[in-house]
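The lines below spell out each chain.
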Amino acid sequence: MGSLIVYDMQTGKQEEILNDVIDFEIAGDKVTVRQKGNVLRIVDMEKKPDLTSKEPGRSSGVLDLGRIRTRVNPVVEWKQMVKETWYLMKQNYWKEVDGSWEGVLEKYLNLTEKVSTRYELMDLINEMQGEMGTSHSYQIVNDLKVEKPYMIGGLGVQVKFNGECYEITRIFHGDLSAEGEKSPLLSSGIDVKEGDCIVSIDGVRLSEEVTPQEVLVDKQEIPVLITLKHDGKETKVNVKTTRNESYLVYRDWVRRNREYVAERTSGKVGYVHIPDMGPMGYSEFIKDFIHQMDKKALIIDVRYNRGGHVSPLIIDFLSRKRIGADLPKYRKASPYMPFSPPPSMVCLTDEHAGSDGDIFTHVFKRLGLGKVIGVRTWGGVVGINPKTRLVDGTTVTQPEFATWFDDVKFGIENYGVDPDIKVEYPPQDYNKGVDPQLDEGIREVLKEMEGKDDMLEKAEKDREEIEKNGN
């Protein structure tokens, strides 16, 4: 938020006229100001407005937006939106479009006459954009959003009805240090474990017909009273539900994968998952990488990667070569180059790794950083700048930034990146909690470790040798 200040060029004095200013525009001797709370105010340059009131009127300058009425002819508006979407694609597509694109407009304008709802228009625009056969051709429609989605308050647990109550089969630990990223039932003072039961919520007795989710509708981020059955006794606890369980479920999945890798490799192999190539993904990578890079080998997992733009930054870390070590007297050795990975790595990828996730997978393979394991990636690497909105607020995107590499040229788009070792992940394995791609990654990285020197171990041994010989 900013302030609107009047400055007198002759006297050098300045005076604050308005605060909580979001935007303003000058027209003649009037200033139109948009303020916090969706307030639109007209300010006369020569007269200070009545700031004590936000009621519409001449003295306050506030406009009564509720009096504005607009008349929209949907057919005319929808035709204009189709034309503009077509034009934006023609102007912004990453290469010159050929003459066939001219005929596309006529075909879809004719179909617009048959459109009767906004949903149908969405389908039509999607089909028109799809004529390009290129990734990242999106349409984000505000009109289709509900005014208030009724969210379910999360308890961060997985339950099943055992005939008497809802038994807790898994507690999602998440990040115990982060607010909103751990199960509320792991809050201080609550004694709960897997196998315990949830009997009631806010006094509502649960049954096969009355589920926890039903009672928790529209109760996100508020205190609820839970009756737990623990060691045969019922206890009542107050917890604050979480709004979004996805983060804590995700972190619990990463934690279990890391513990599984450590268990299978006697702690020799580290594990890092990168959920996307945006700010969150980069943060997750840095946070985990600095604690895993002292392992003898590393599994980099980009399965389910949602894309973004930071793959060069992550590749920069992973492509650093260890050529030496720093040996402080009272701490263990650290690698030179700083923050460089161990010499043995593999990358796990899948069909859900897309956009910059595609690019990361290819570059990891192209630079020979290690074997790529899994299945072929999504195959969409023409990027976008989602800045343009249509008249009704809909955002449409045009593939503007193509990606080229010296080996595959433009070949990743609409194909993806093939793994070095193909490993499918069938539904029956997922259902049983078996991860064949992770298992293959463990086997392969252990093979990669054989015969490779551990730079940090060599440095420590040389120091011990020097100390032993007194040199």
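Above this note sits the structure.
Residues numbered from 1 in each chain as written. Predicted model: local features only at pLDDT ≥ 70, side-chain atom pairs only at ≥ 80, totals over all residues. Heavy atoms only, no water.

### Observations regarding the nonpolar core
Just so we agree on the cut-off: Buried Ala, Val, Leu, Ile, Met, Phe, Trp, Tyr and Cys residues that are joined via side-chain atoms within 4.5 Å together make up what is termed a nonpolar core. Exposure categories follow from relative accessible area, calculated using a 1.4 Å probe and restricted to protein chains: below 20% of the type maximum is buried, above 50% is exposed, and the middle band is partly exposed. Runs of H or I in DSSP of at least four residues are treated as helices and runs of E of at least two as strands, each being numbered from the N terminus. Contacts are residue-level and defined by heavy atoms, with any inter-residue pair within 4.5 Å sufficient.
The biggest cluster of nonpolar side chains holds 26 residues, and the ones touching the most others in it are Ile274, Phe285, Ile300, Ile314, Leu318, Phe360 and Phe364. When contributions to this core are tallied by element, the ones reaching two or more residues are helix H6 (279-292), strand E13 (297-301), helix H7 (311-318), strand E16 (344-349) and helix H8 (356-366). With residues up to four places along the chain from it excluded, the contact list for isoleucine 300 reads Val272, Ile274, Leu318, Val346, Cys347, Leu348, Phe360 and Phe364. Trp86, Val115, Leu121 and Leu124 belong to the second largest nonpolar core, which has 20 residues in total.

### Points about the layout of surface pockets
Which entries qualify depends on this criterion: Cavities and pockets are found on a 1 Å grid laid over the protein atoms alone: a cavity is a set of points where a 1.4 Å probe fits but cannot escape, a pocket is an open set with protein on both sides within 12 Å along at least five of seven lines, and a lining residue has an atom within 4 Å of such a point. Grid points are joined across faces, edges and corners, and a volume is the space filled by probe spheres set on the points. The residue classification treats Ala, Val, Leu, Ile, Met, Phe, Trp, Tyr, Cys and Pro as nonpolar and Asp, Glu, Lys and Arg as charged. All others, Gly included, are polar.
A volume near 800 Å³ is recorded for the largest pocket. Forming the walls of the largest pocket are 24 residues, and the residues nearest its centre are Arg170, Val249, Trp253, Arg256 and Tyr430. Put simply, the parts of the chain that give the lining of the largest pocket at least two residues each are helix H5 (246-264), helix H9 (427-432) and helix H10 (436-449). Take the lining of the largest pocket: its biggest share by element is eight residues, from H5. Per-class residue counts for the lining of the largest pocket are 13 nonpolar, six polar and five charged. Looking at the second largest pocket, it is lined by 25 residues, and the ones nearest its centre are Gly308, His309, Ser355, Asp356 and Ile359. Contributions of two or more residues to the lining of the second largest pocket are made by H7 and H8. For the lining of the second largest pocket, the element with the highest residue contribution is H8, accounting for four residues. Partitioning the lining of the second largest pocket into residue classes produces eleven nonpolar, twelve polar and two charged.

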